[in-house]
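# Architecture and fold: a report
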Amino acid sequence: MAAMASTVTFSLPSPAIQTSFLPRTHRHPRFNKKRPFNFVSNKTVSCRASNGNENNEHSSSPNRFDRRDVLLGLGSVYGATNLVIDPFALAAPIAAPDLDLCQKATVTSKTAGTIKVACCPPKSAKIIDFKPPKFSKIRYRPAAQLVGPEYLDKFTKAVELMKALPEDDPRSFMQQANVHCAYCDGAYDQVGFPDQELQVHFSWLFFPFHRLYLYFWERILGKLIDDPDFAIPYWNWDTPAGYALPAIYNDPKSPLYDEKRNVNHLPPVLIDLDYAGVDEEISKRDLIKSNLSLMYKQMVTYKTPSLFMGAAYRAGDPPAPGMGSIENVPHTPVHRWVGDTRQPFNEDMGNLYSAARDPVFFAHHANVDRMWTIWNSLPGKKRRDFTTTDWLDASFLFYDENANLVRAKVRDCLDTRPLGYEYQKVDLPWLNTKPAPRRPRQGKGQAKAAETSKTTVISNTFPIVLEKPVRIEVPRPKKSRTKLEKEDEEEVLVLQNIKLDRNVAVKFDVYINEEDGETPTEPADSEFAGSFANLPHTQHSGGKKLDTKLTLPISDLLEDLDAEGDDSIVVTLVPKLGKGQVSIGNIKIEYVRD
């Protein structure tokens, strides 16, 4: 492959030489191509000197393939005819994996050791490009707690039939569960980049991958019961009516049941969307307020595609550039809340390799998918999907209801209606549950008050290992911005080089201008800026730590705290799960302009 990358021939290749796994080329020069959703700042003040590699926060290796060279080499061999005109006419979307190169996933835990999991799908000599069928009417995915007996009979029958399919049938329940394992636990390399894992979490691939995954799962179920109008349910954990695990999944005699769940969280126990591995002593009223406030923050204050959907992830990039809001929280805490702490790897929902073995996984992710549709409908001119072909032409492989191997692209799933479904509408009380400051507005100087509290405020001391709460003063490049300036650029707090073992469950919270000695800050408080959460997963190369970043919008927060005129803010990091297991390389303020 290295020799291939270094030899570029700009002659017309033979039409007989083709591959179905490589990304298609585009007539846009790479060196002129805009990447419109990266952070833009004319002035950045950081707590340390820049290392000159702030985009991905990964240092280059002499053994790593250069993305442009590899794509040029692949194009010369595999039919990129437009290279005759423009040798740089290449986009870099993540390509669908090569199933021939799939390998066992590695699952590791410090207490349970390491296991190898065979989760590669059956191979196929033929790949079909996805074309949505013509639907006679829209299917409505119902809220799981609202379904009736007739629907439940259909759903349980469909899952029962899926579980009864032969083990090697790609539509069988375990084969479908393994789809998630393969894409999430290092079974695939990126095509053309054998040193880079293909990972669909921690980036802008999270929403579209799971939308397509659920679409094909739903179509298989409908085919098995001969009902093309069948639609899977969603678990609406975002509203109080859906806080308990849906009862239809809690019948031990049902194919929807999974014995590997946390026994302390079965119905009628209400979910904590901020769950960090320990059940807090909290009243029902306060839990509801916390959950609704958290949903407001994660849905309403994340106003741009990169903040909501995650960081850009292109061919040749290291995995995990950064999660979007919903993937981070509440998606990860819900997984952890359901997973069985008695199991060696917190199976099923508590680990990415096994999560889809629990039927409630699909109801959980249907609600995640629903959040994408709702976010796009909220007010705000920047609430739109990415438009770059690097995102739109990223592709995945799935088996459809007829056991055909299908290649689907992100651009195929931007709207649920062409896919034939929408979601049953329910109330959204979180839209009216904005977090509030812990105390009345005090005007300028809140940062100063926090700075002089009992706990020492540090600066220029990185990396920080989160063994206990830490307070850091972070300078602000711009202050007292106008309304138009804030609409044009979102002020964000960026935690860079977050490093941890991938197989470790971690959660830490981030507060801004919280004074020492107070009762713990909660999601219902404006001072609560957000959290970072990791669900255990492993990559096949082993030993490599997760190296990612967390980006939190703070424009609304600073306005609520009356701190827009402050020269700096005081950031408090509080480890909640995995103390001492995560380090932070740098903290700074940047500005997102889409």
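Residues numbered from 1 in each chain as written. Predicted model: local features only at pLDDT ≥ 70, side-chain atom pairs only at ≥ 80, totals over all residues. Heavy atoms only, no water.

Labelled according to an unreviewed UniProt entry, the chain appears under the name Tyrosinase copper-binding domain-containing protein, originating from Hibiscus sabdariffa. Quoted straight from UniProt, the Sequence similarities (unreviewed entry) entry for the chain says "Belongs to the tyrosinase family." Heading Cofactor (unreviewed entry) of the UniProt record for the chain holds this comment: "Cu(2+)". (UniProt positions renumbered as here; feature names shortened; annotations may be inferred.)

For the chain, the helix and strand inventory stands at 13 helices and 19 strands. Of all 594 residues assigned to the chain, the portion counted as buried reaches 59%. For the chain, the share of sequence-separated contacts (at least 6 apart) that also reach a separation of at least 24 residues comes to 79%. As displayed, the chain has an accessible area near 23700 Å², and 51% of this comes from carbon and sulfur atoms. (Helix = DSSP H or I, 4+ residues; strand = E, 2+ residues; numbered from the N terminus. Buried < 20%, exposed > 50% of the residue type's maximum accessible area, 1.4 Å probe, protein only. Contact = heavy atoms within 4.5 Å. Areas by Shrake-Rupley, 256 points an atom, 1.4 Å probe, with all protein chains shown as cover.)

What follows is about helix α3 (residues 149–164). The end-to-end C-alpha separation of α3 is 22 Å, in line with the 22 Å expected for 16 residues at 1.5 Å each. Buried residues of α3: Y151, F155, T156, A158, V159 and M162, and no others. Taken around the axis of α3, the buried residues stretch over an arc of 155°, which confines them to a single face. Counted as exposed and oriented over 90 degrees from the buried face of α3: P149, E150, D153 and A164. Elements in contact with the buried residues of α3: α4 (173–184) and α5 (206–224). (Expected span 1.5 Å × (residues − 1). Arc of directions from axis to C-beta.)

Moving on, we come to the packing of α3 against α5. Two elements in contact, α3 and α5, have axes whose closest approach is 9 Å; the angle formed by their N-to-C orientations is 95°. Relative to α5, α3 is oriented roughly perpendicular. In contact with F155, A158, V159, L161 and M162 of α3, α5 contributes W217, I220, L221 and L224. The residue makeup of the contact of α3 with α5, split by class, is nine nonpolar, no polar and no charged. (Axes fitted to C-alpha atoms, helices over the stretch in contact; angles between N-to-C directions. Parallel < 35°, antiparallel > 145°, perpendicular 65-115°, else oblique. Nonpolar A, V, L, I, M, F, W, Y, C, P; charged D, E, K, R; others polar.)

According to UniProt, the positions carrying the feature "domain: Tyrosinase copper-binding" (unreviewed entry) are residues 201–218 and 358–369. Between the end C-alpha atoms of residues 358–369 the distance is 18 Å, and the span holds 83% helix and 0% strand.

Moving on, we come to the pairing of strand β13 (residues 490–500). Burial runs high along β13: ten of the eleven residues are buried. The sheet contact formed by β13 and strand β19 (residues 586–592) spans seven bridges and is antiparallel. Bridge pairing links V494 to K588 in β19. In this structure, β13 lies alongside strand β16 (residues 546–553), joined through seven bridges in antiparallel fashion. Looking at β16, one finds that V492 is bridged to P553. (Pairing = 2+ DSSP bridges.)

Now for the sheet that holds strand β7 (residues 395–399). If you walk across this open sheet you meet the three strands as β3-β8-β7, and the pairing is mixed. Where the open sheet ends on each side, the last strands, each with one partner, are β3 (128–129) and β7. Pairing of β3 with strand β8 (residues 405–409) involves two bridges; the strand directions are parallel. Pairing of I128 across the sheet is with V406, part of β8. Across the sheet, α5 is in contact with β7 and β8; its angle to β7 comes to roughly 15°.

Evaluation of the coordinates by the stated rule reveals seven cavities of 30 Å³ or more. Size it by volume and the largest cavity reaches roughly 140 Å³. Mapped by element, the contributors of at least two residues to the lining of the largest cavity are α4 and β7. The greatest single-element share of the lining of the largest cavity, amounting to six residues, is contributed by α4. Per-class residue counts for the lining of the largest cavity are 14 nonpolar, three polar and no charged. Size it by volume and the second largest cavity reaches roughly 100 Å³. Taken together, Y296, K297, T301, K434, P435, E490, S526, P553, D556, L557 and D560 make up the lining of the second largest cavity. Within the residue set of the lining of the second largest cavity, elements represented by two or more residues are α6 (284–300) and α13 (555–560). Sort the elements by how many residues they give to the lining of the second largest cavity and α13 lands first, with three residues. Of the residues belonging to the lining of the second largest cavity, the class tally is four nonpolar, two polar and five charged. (1 Å grid on protein atoms, 1.4 Å probe; cavity = no way out; pocket = protein on both sides within 12 Å on 5 of 7 lines; lining within 4 Å. Points joined across faces, edges and corners; volume = space filled by probe spheres on them.)

On to the state of the cysteines. Taken as a whole, this structure holds two disulfides when the rule is applied. Between C102 and C120 runs a disulfide, and the two sulfur atoms are separated by 2.0 Å. Between C102 and C120, the S-S dihedral sits near -90°, and the bridge is therefore left-handed. Of this pair, C102 sits in the loop between α2 (67–78) and β1 (105–109) while C120 sits in the loop between β2 (113–117) and β3; the two residues are 18 residues apart in sequence, bridging distant segments of the chain. Judged by its relative accessible area of 15%, C102 falls in the buried class. Note that C119 is cross-linked by a disulfide to C181, the S-S spacing being 2.5 Å. Because the torsion about its S-S bond is -60°, the bridge between C119 and C181 counts as left-handed. (Disulfide = S-S within 2.5 Å.)

Ordered by their spatial adjacency, five strands build an open sheet running β10-β12-β17-β14-β15, and the pairing between neighbours is mixed. Unpaired on one side and paired on the other, β10 (457–458) and β15 (528–534) mark the two borders of the sheet. Along the sheet, helix α8 (residues 325–338) contacts β14 (506–512), β15 and β17 (568–577); its crossing angle with β15, the most-contacted strand, is approximately 50°.

This part covers the pattern of salt bridges. The final tally for this structure, using the stated rule, is 34 salt bridges. Residues R417 and D415 are paired through a salt bridge, measuring 2.9 Å at the closest nitrogen-oxygen approach. Salt bridges sharing partners connect three or more residues here, namely R139, R141, R211, E218 and D369. (Salt bridge = Lys/Arg side-chain N within 4 Å of Asp/Glu carboxyl O.)

For the rest of this paragraph, the subject is the packing of aromatic side chains. Summed over all chains, the structure comprises 32 aromatic pairs. Residues Y183 and F209 carry aromatic rings whose centres are separated by 4.8 Å and whose planes lie at 50° to one another, so their mutual orientation is tilted. In this pair, Y183 is assigned in helix α4 and F209 in helix α5, connecting sequence segments 26 residues apart. F209 matches Y183 in its accessibility class, with the two residues each being buried. Ring centres of F206 and F207 lie 5.4 Å apart, and the angle between their planes is 70°; on these two criteria the pair is classed as edge-to-face. Taken together, the aromatic side chains of F130, Y183, Y188, F209, Y213, Y215, F216, W217, F361, F362, F396 and F398 make up a single cluster linked through ring pairs. The cationic tip of R211 hangs over the ring face of W372; the distance from NZ or CZ to the ring centre is 3.9 Å. Taking the ring centre of Y591 as reference, the NZ or CZ of K478 above it sits at 4.7 Å. (Phe/Tyr/Trp six-rings, centres within 6.5 Å; stacked < 30°, edge-to-face > 60°. Lys NZ or Arg CZ within 6 Å of the ring centre and 35° of its normal.)

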